Amino acid sequence: MLGRRLGAALRPHRLSRGPATVPELVCGDSVVQEPTQILNFLRKRRLNADYELTARQGADTMAYIALLEEKLRPALLHTFWVDAENYSNLTRPWFASRSPFPLNFFVPSRLASVALARILVTKGEGLLHRISEVEGKIYSDAKECLNLLSYRLGTANYFFDNSPTSLDAFVFGFLAPLHKADLASSPLQSHLRQLDNLTRFCDNILAAHFSADKPCPFPPVQETMDANLQKLTQLVNKESNLIEKMDDNLRSSPQHKTHRPDTKASLSSSKSSTPA
């Protein structure tokens, strides 16, 4: 989604090794994993969807991303990897079919073990605790997170203005699998489908950025880079003007008038100190 928005020609590829961490970005010789690291990697190449955000919106983005990681991710991991019915009917067959032989025999179980350990660590419990002891807390926190996202989105298409940002990408990455997966049992999926604006948010992004019938053309990369550079230049100019105004105010302030030494007094004092 952000690739199309930023003008980066991103193409999906099939993983040929395992166990793998998704999402994964391959750019030349660089391999970047985890959403936060991928966004930082793109920003270093002047591909940033958050240039137009204010400082307040940038702070909100960081807060909501932290909320997703803390409250929603454990419940998603439990839904896909720990719930026995979902794991047997959906997750394990899907990952096994997309892992090369002989990794398809042990990659799913390996990832399930990693998911379970991550849940317990995220919720502040030791690895020796049973997952049933924290399961209720996991899903109550996740439902609360979904309610907060639904309230924040309201009737808008995106979380900030009319263009997708990194927050929209994060939220879509968390919600779309839950919204579209054919899960045998999932109270969290049922709760999500009761929040019409969040399901509409996922459907709109799928139609606008991932539809095979209506492919979204990539904007020229150079134009995107020039636009981002222009915005950065405007921001620097504003900061420079603000600094100049502050400097002028300090100079004109009566408390900061330049002190000029009294030359007459200094001359008389020097004469009096001269020996006869």
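Each remark here, short or long, concerns the structure printed above.
The shown structure was predicted, so the numbers you read here are calculated from the model rather than taken from an experiment.

Engineer: Before we go on, may I ask you to explain the pairing of strand β1 (residues 24–27) in this structure?
Structural biologist: If a strand is regular, its side chains alternate between the two faces of the sheet. In terms of strand pairing, β1 meets strand β2 (residues 30–33) through four bridges, oriented antiparallel. The residue of β2 that forms the bridge with L25 is V32.

Engineer: I would appreciate a short explanation of a nonpolar patch on the surface in the present structure.
Structural biologist: On the surface, F101, F105 and F106 cluster together into a nonpolar patch covering about 390 Å² of accessible area. The residue F101 is located in the loop between α4 (84–97) and α5 (107–122) in this model. For F101, a relative accessible area of 68% translates into the label exposed.

Engineer: Looking at this structure, how should I read the nonpolar core?
Structural biologist: Across soluble globular proteins, you tend to see nonpolar side chains buried next to one another. L72, L188 and F201 are the most contacted members of the largest nonpolar core, which has 49 residues in total. Listing elements by their share of this core, those giving two or more residues are α3 (55–82), α5, α6 (135–153), α7 (166–180), α8 (187–192) and α9 (196–209). If you tally residues by element for this core, the top one is α3, at 10 residues. Of all hydrophobic cores here, the second largest spans six residues; its members include V32, I38, F41 and L47.

Engineer: What should I look at first to understand the pattern of salt bridges in this one?
Structural biologist: As a working rule, side chains carrying opposite charge can pair if their charged atoms are close by. In the structure shown here, the tally under the stated rule is six salt bridges. E69 serves as the salt-bridge partner of R118, at 3.9 Å between the closest nitrogen and oxygen. With R118 in helix α5 and E69 in helix α3, the pair connects residues that are 49 residues apart, well separated along the chain. With relative accessibility at 32%, the residue R118 sits in the partly exposed group.

Engineer: Would you mind showing me how to read the packing of aromatic side chains here?
Structural biologist: Aromatic ring pairs are reported here in terms of the distance separating the ring centres and the angle at which the planes meet. Scanning all chains against the criterion turns up four aromatic pairs. Centre to centre, the rings of W94 and F95 are 5.1 Å apart; their planes meet at 70°, and the pair counts as edge-to-face. The partly exposed category is assigned to W94, whose relative accessible area is 43%. Residue F95 is classed as partly exposed on the basis of its relative accessible area, which comes to 21%.

Engineer: Is there a simple way to think about helix α2 (residues 35–44) in this case?
Structural biologist: Counting along an α-helix, one turn takes 3.6 residues, and residues three or four places apart therefore face a common direction. Among the residues of α2, P35, I38, L39, F41 and L42 are the ones counted as buried. For α2, the arc enclosing every buried residue in end-on projection is 155°, short of the 170-degree limit, so these residues lie on one face.

Engineer: So what exactly am I meant to see when it comes to the side chain of D168 here?
Structural biologist: In this fold, D168 is placed in helix α7. For D168, a relative accessible area of 0% corresponds to the buried category. A distance of 2.9 Å separates the side chain of D168 from the backbone nitrogen of T165, its partner in a polar contact.

Engineer: Is there a simple way to think about the environment of F170 in this case?
Structural biologist: Position of F170 relative to the elements: it lies in helix α7. Expressed as a C-alpha distance, the spacing of F170 and T61, which sit 109 residues apart in the sequence, is 9.7 Å. Among all residues touching F170, those that are not within four sequence positions of it are P35, T36, L39, I65, L68 and E69.

Engineer: How do you make sense of the environment of F159 when you look at a structure like this?
Structural biologist: Its place among the elements puts F159 in the loop between α6 and α7. Taking the C-alpha atoms as reference, F159 lies 9.3 Å from T61; in sequence the two are 98 residues apart. The residues touching F159, leaving out its near neighbours within four places in the chain, are L149, R152, L153, L167, D168, V171 and F201.

Engineer: How should I be thinking about α9 in this particular structure?
Structural biologist: When the terminal C-alpha atoms of α9 are compared, their 20 Å separation across 14 residues agrees well with the 20 Å that a helix rising 1.5 Å per residue should span. Within α9 the residues assigned to the buried category are N197, L198, T199, F201, C202, I205 and H209.

Scoring rules and cut-offs
Residues numbered from 1 in each chain as written. Predicted model: local features only at pLDDT ≥ 70, side-chain atom pairs only at ≥ 80, totals over all residues. Heavy atoms only, no water. Pairing = 2+ DSSP bridges. Helix = DSSP H or I, 4+ residues; strand = E, 2+ residues; numbered from the N terminus. Patch = residues over 30% accessible without salt bridge, like charges linked within 9 Å, V, L, I, M, F, W, Y side chains within 5 Å. Areas by Shrake-Rupley, 256 points an atom, 1.4 Å probe, with all protein chains shown as cover. Salt bridge = Lys/Arg side-chain N within 4 Å of Asp/Glu carboxyl O. Buried < 20%, exposed > 50% of the residue type's maximum accessible area, 1.4 Å probe, protein only. Core = buried A, V, L, I, M, F, W, Y, C linked by side-chain atoms within 4.5 Å. Phe/Tyr/Trp six-rings, centres within 6.5 Å; stacked < 30°, edge-to-face > 60°. Arc of directions from axis to C-beta. Polar contact = N/O pair within 3.5 Å; in protein donor to acceptor, adjacent residues only side chain to side chain. Contact = heavy atoms within 4.5 Å. Expected span 1.5 Å × (residues − 1).

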